[in-house]
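The chain contents come next:
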Amino acid sequence: TKVTISSDDIPYIKESVLHLIGLGIHEININCVFENVWKDNDDKLFEKQLLELADYIIENDLYKENTCSFFTEFIGKPLNRETENQNWCGAGKMLAIDAAGNFYPCTRFAQYSLRNKDAWIIGNIHDGINKNLLRPFLLLDRCTQSNQECIDCEVASGCAWCQGENYDAADTPTIYQRSTAICKMHKARVRANYYYWIKLYNKLNNMNSL
């Protein structure tokens, strides 16, 4: 399953994840939306929900058979701009098709998914894919679309982006301007991750020492 969190959903994160686990879903893939919907103090409320969820998962041994992608060991570290310079998503390497037979780099580039920009059509079922229109997606990497603050960020690993939202929120019709609306939510997630893994390691070490 796939869960997406927006501002109004924050108070229900713990409850929602535990509900899904109760339904027998053992792998909860969950993330915050990338659009600029976040209000003041949302990051603090988000962190509080994650801390409460971390406590419940660890204290009730749910970590043994369940995973929640909000808690991931690899996030919250600096990224090397040369060896870790990949693009985040698969836009341009997968295909979305609408009812009229138009091709898109992903469904987020279709007109019904966009607020501000025109649809980015890369072909259709009759003429195939126009590879020149696809070319910008094949050259994307982290550094070419991120500002310097993101490139140098001490907790950059695991900070995701949506290529379609980058395009939709950009000052010009480009995919090379990264939207940073998710920044404070990512940092809150990183803080909660530190708490989760330290608490879990301490519990496991204490159990091993018995």
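Predicted, not measured: the structure shown is a model, and the values here were computed from it.

Draft legend 1. Molecular detail of the nonpolar core. One finds Phe46, Phe70 and Tyr196 to be the most contacted residues of the largest nonpolar core, which totals 35 residues. Elements that contribute at least two residues to this core include exactly strand E1 (2-5), helix H1 (13-22), strand E2 (27-32), helix H2 (42-59) and helix H7 (183-209). Among all residues touching Tyr196, those that are not within four sequence positions of it are Ala54, Ile57, Ile58, Tyr63 and Phe71. Core analysis: the next-biggest nonpolar cluster, separate from the first, contains 15 residues, Ala96, Phe103, Cys106 and Phe109 among them.

Draft legend 2. View of a nonpolar patch on the surface. Residues Leu95, Ile97, Ile125 and Ile129 make up a contiguous nonpolar surface patch of roughly 370 Å² in combined accessible area. Of note, Ile129 is situated in strand E7 (residues 128-129). Take Ile129: its relative accessible area is 40%, and that puts it in the partly exposed class.

Draft legend 3. Here's a closer look at the sheet that holds strand E3 (residues 67-68). In space, the three strands of this open sheet follow the order E1-E2-E3, with parallel pairing throughout. For this open sheet the edge positions go to E1 and E3, each flanked by a neighbour on one side alone. As judged from the two bridges shared by E2 and E3, these two strands associate in the parallel manner. For Ile28, the partnering residue across the bridge sits in E3 and is Cys68. Along the sheet, H1 contacts E1, E2 and E3; its crossing angle with E2, the most-contacted strand, is approximately 155°.

Reading the values: rules and limits
- Residues numbered from 1 in each chain as written.
- Predicted model: local features only at pLDDT ≥ 70, side-chain atom pairs only at ≥ 80, totals over all residues.
- Heavy atoms only, no water.
- Core = buried A, V, L, I, M, F, W, Y, C linked by side-chain atoms within 4.5 Å.
- Buried < 20%, exposed > 50% of the residue type's maximum accessible area, 1.4 Å probe, protein only.
- Helix = DSSP H or I, 4+ residues; strand = E, 2+ residues; numbered from the N terminus.
- Contact = heavy atoms within 4.5 Å.
- Patch = residues over 30% accessible without salt bridge, like charges linked within 9 Å, V, L, I, M, F, W, Y side chains within 5 Å.
- Areas by Shrake-Rupley, 256 points an atom, 1.4 Å probe, with all protein chains shown as cover.
- Salt bridge = Lys/Arg side-chain N within 4 Å of Asp/Glu carboxyl O.
- Pairing = 2+ DSSP bridges.
- Axes fitted to C-alpha atoms, helices over the stretch in contact; angles between N-to-C directions.

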